[in-house]
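Below are the chains, spelled out letter by letter.
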Amino acid sequence: MLLCDVDAESYVVTPDRIQALIENNKDKKITAIIIVHEFGYPVAVEAISKIARDNNIKLIEDAACALGTTADNHHVGYFSDATCLSFHPRKALTTGEGGAVISNQPRVIESIKILRNHGIHSVEGKMDFILDGLNYRMTDFQAALAIGQMERFSETLHCRETLVREYYSLLEGHKGITLPAQSKGHSWQSFMIVLDSAIDRDLMIKQLLKEGIQSNLGAQAIHCLTYFKNKYALADSKYPNATNLYKQGLVLPLHAKLVCADIEKVCTELSKCITLEVA
Ligand SMILES: Cc1ncc(COP(=O)(O)O)c(C=O)c1O
């Protein structure tokens, strides 16, 4: 497994970084690249798909946070071999749990259908178990929930965008905070700011909670997580941006039931906490 550091402002990988990683690992066989549209920010997927094709590497998009995101004027999934979506309750569209895989390649879709259903393949109505599959089936009840939400999904996206604008107008230039990069096509699954190193992020989460505001650490960095740390012994210094986002990132409330007055309250309390911490 090779890891690629992300951009400090957009929190995602860039074509240059991917190209450099491939160049620097010519001795290794790279089978697939997985890119993450972190928090709905659109990765430059068209350029990365070209790099993947030129190097005979498959491209998978982790679009768990990116239903509604458009990258290079197309919805996520357009340029890659396969794309994963999440419908977890924290997502803009939820089925309670579960997700979906999308692909424009019939062979991939066929394999996914077999794998999600115990490895069953039916020919002329006769079932056979041809792969080591599991049960990843979504129920019809869950699908019905999703269809209802699809009908008002553009409204949901618009509402998130409005709340995000409010965050920008209230927090732009605020001491101790870096705001996330903006981009055309961003679906704003979450709004994560980055706190200066002098601010104790975990303490901030506790202080905001005392005021009734739920916030959270946001970006996960694989090399900082116990399983991967133990297995691969990856140094923080190789991934400075991901490390900083993991340690100093703070996700602020963002969901379709909030109104601008809620965002104002969050920003007021956040501002008070920062003033206390940096005083
Ligand atoms: C980038 C990313 N990938 C994958 C997942 C996992 O999604 P799920 O919990 O639906 O398996 C998440 C969940 O938040 C995510 O943010």
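For the structure, see preceding data.
Residues numbered from 1 in each chain as written. Predicted model: local features only at pLDDT ≥ 70, side-chain atom pairs only at ≥ 80, totals over all residues. Heavy atoms only, no water.

### With respect to the pairing of strand β8 (residues 126-129)
The side chains of a regular strand alternate, residue by residue, between the two faces of the sheet.
Inference 1: Across 4 bridges, strand β7 (residues 120-123) lies against β8 in antiparallel orientation. Pairing of Val-123 across the sheet is with Lys-126, part of β8.
Inference 2: Here β7 hands over to β8 after 2 residues, with Glu-124 in that stretch at a positive phi of 45 degrees. (Pairing = 2+ DSSP bridges. Helix = DSSP H or I, 4+ residues; strand = E, 2+ residues; numbered from the N terminus.)

### A closer look at the sheet that holds strand β10 (residues 191-195)
Inference 1: On the basis of which strands lie adjacent, the open sheet formed by 3 strands has the order β9-β10-β11 and antiparallel pairing. Only two strands of the sheet have a single neighbouring strand rather than two, namely β9 (177-178) and β11 (249-252).
Inference 2: By the bridge criterion, 2 bridges tie β9 to β10 in an arrangement that is antiparallel. Pairing of Ile-177 across the sheet is with Leu-195, part of β10.
Inference 3: Strands in contact with helix α8 (residues 240-248) are β10 and β11; relative to β10, the strand with the most contacts, it is inclined by about 100 degrees. (Contact = heavy atoms within 4.5 Å. Axes fitted to C-alpha atoms, helices over the stretch in contact; angles between N-to-C directions.)

### Describing the sheet that holds strand β2 (residues 58-62)
Inference 1: Strands sit in the order β1-β2-β5-β6 across an open sheet of 4 strands; the sheet is mixed. The sheet is open, and its two edges are formed by β1 (32-36) and β6 (99-102), each paired on a single side. Pairs of neighbouring strands in the sheet enclose a mean axial angle of 15 degrees, with direction left out of account.
Inference 2: Both β2 and strand β5 (residues 82-86) contribute to a ladder of 3 bridges, which runs parallel. Its bridge partner being in β5, Ile-60 is matched across the sheet by Ala-82.
Inference 3: Across the sheet, helix α2 (residues 45-54) is in contact with β1 and β2; its angle to β2 comes to roughly 150 degrees.

### A closer look at the packing of helix α5 (residues 153-171) against helix α9 (residues 260-278)
Inference 1: At their nearest, the axes of α5 and α9 sit 9 Å apart, and the two run at 35 degrees to each other. For the crossing formed where α5 meets α9, the hand is right-handed. In this structure, α5 uses Thr-162, Leu-163, Glu-166, Tyr-167, Leu-170 and Leu-171 to contact α9, whose residues at the interface are Cys-260, Ile-263, Glu-264, Val-266, Cys-267 and Leu-270.
Inference 2: Looking at side-chain class alone, the contact of α5 with α9 contains 9 nonpolar, 1 polar and 2 charged residues. (Left-handed = near helix turned anticlockwise from the far one by under 90°. Nonpolar A, V, L, I, M, F, W, Y, C, P; charged D, E, K, R; others polar.)

These results come straight from atomic positions and should not be treated as a statement about function.
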